[in-house]
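Below, each chain spelled out in residue letters.
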Amino acid sequence: MNFQQLKIIREAARCEFNLTEVANTLFTSQSGVSRHIRDLEDELGVEIFIRRGKRLLGMTEPGKALLTIAERILDEAGKVRRLADVFTNETSGVLTIATTHTQARYSLPRVIKAFRQLYPNVRLELNQGSPQEIVAMLLAGEADIGIASEQLVNNSSLAAFPWFSWHHSLLVPHDHELLQHQPITLASLSRHPLITYRQGITGRSRVDRAFQAAGIKPDIVLSAQDSDVVKTYVELGLGVGILADQACDIYEGEDLVKIDTHHLFDANTVWLGLKRGQLQRNYVWQFLELCNANLSLEEIKRQALSYETESEPAIDFQI
């Protein structure tokens, strides 16, 4: 048994048992992947995968148990590789942040500017994705810090810390009739075509929940991944935009007007996520402090370096 075989087992599960994708991810050939799987099954004396001809359809019960062990072994091996780097490279290296478009565009610039002044020799990498993709990157060790409004507090393998709270606002053309009928209600809003974020990102669940609680079905004519796209179609007159309030601020005045909707939709919290039990360089802790000075460094380290699976996230500070 070797590390390459364990990596193949892990990647097969991540790639939904597509061996071509597994081979591409591990920079090897599909025939090599198949050979490693056969060798491991012969050595263990059990079948790891459920097959239909040459296709893999899923994992057997022994395979699922092996996957759990393989992930643990590979995770521990990754910590060994990080160990020397953590203690020798205090002011240089790479900080990889996985985040959504909204946070990368509107919330992170000031923090990154301050961080660069403190650590000019640390190279920053921003990987943008959905909250689900951010969680996956953290768990796979492909990102040091994850930042999103959703998903990060729902995984017990992650330690999540609050950054700040925000609300949704409306963005409408300067002559829109909603400006003459305030305060706006969900009922009045539902009479207009709406443009907002796609499901699963940027607090979309809060918007859906508000309409569902009121028993109202909104007319969402377009869903998009980022605020710039929403704003573009609002400008074209296709509907009323529901955006993160920090995104609306930069558009107001461009023939568009921001309308406050704090009374309609619950507040959202942006979370900073770390993989539990993973060694971190000092500049990772420093980055979290730059985001939210109200967070205790001792508490951050206690939760992040713990293997405990807590049902409650860190205290939700609001700044």
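Residues numbered from 1 in each chain as written. Predicted model: local features only at pLDDT ≥ 70, side-chain atom pairs only at ≥ 80, totals over all residues. Heavy atoms only, no water.

Caption draft 1: Up close: the sheet that holds strand β9 (residues 220-224). One open sheet holds the five strands; their spatial order is β9-β8-β10-β7-β11, and the pairing between them is mixed. Among the strands making up the open sheet, the edge pair consists of β9 and β11 (256-260). Put simply, the sheet's adjacent strands are angled 30° from each other on average, direction ignored. Looking at chain direction, strand β8 (residues 194-197) and strand β10 (residues 240-244) are connected through two bridges and run parallel. Residue pairing for β10: Ile195 is matched across the bridge by Gly241. (Pairing = 2+ DSSP bridges. Helix = DSSP H or I, 4+ residues; strand = E, 2+ residues; numbered from the N terminus. Axes fitted to C-alpha atoms, helices over the stretch in contact; angles between N-to-C directions.)

Caption draft 2: Summary view of the packing of aromatic side chains. Applying the stated criterion across every chain, the model contains seven aromatic pairs. For the pair Phe115 and Tyr283, a centre-to-centre distance of 6.3 Å together with 75° between the ring planes defines the contact as edge-to-face. Of the two residues, Phe115 is situated in helix α5 (residues 101-118) and Tyr283 in helix α11 (residues 282-291); the sequence distance between them amounts to 168 residues. Summarising the burial analysis for this pair, Phe115 and Tyr283 share the class buried. When the ring of Phe115 is compared with that of Phe287, the centres are 5.5 Å apart and the planes differ by 70°; the resulting orientation is edge-to-face. Pair noted here: Phe115 is in helix α5 and Phe287 is in helix α11, with a separation of 172 residues, a long-range link. One exposure class covers both Phe115 and Phe287, and it is buried. Aromatic ring contacts, followed pair by pair, group Phe115, Tyr119, Tyr283 and Phe287 into a single cluster. (Phe/Tyr/Trp six-rings, centres within 6.5 Å; stacked < 30°, edge-to-face > 60°. Buried < 20%, exposed > 50% of the residue type's maximum accessible area, 1.4 Å probe, protein only.)

Caption draft 3: Inspection of the environment of Ala244 at higher detail. Position of Ala244 among the secondary structure elements: in strand β10. In contact with Ala244, not counting residues within four places along its chain, are Thr102, Trp166, His167, His168, Tyr197 and Thr202. (Contact = heavy atoms within 4.5 Å.)

Caption draft 4: Summary view of the confidence of the model for the chain. Overall, the prediction assigns the chain a mean pLDDT of 88, with 92% of residues at 70 or greater. In the predicted structure, residues 309-319 sits below a pLDDT of 50 and forms 25 contacts with residues beyond four places in sequence or in another chain. (pLDDT = per-residue confidence, 0-100.)

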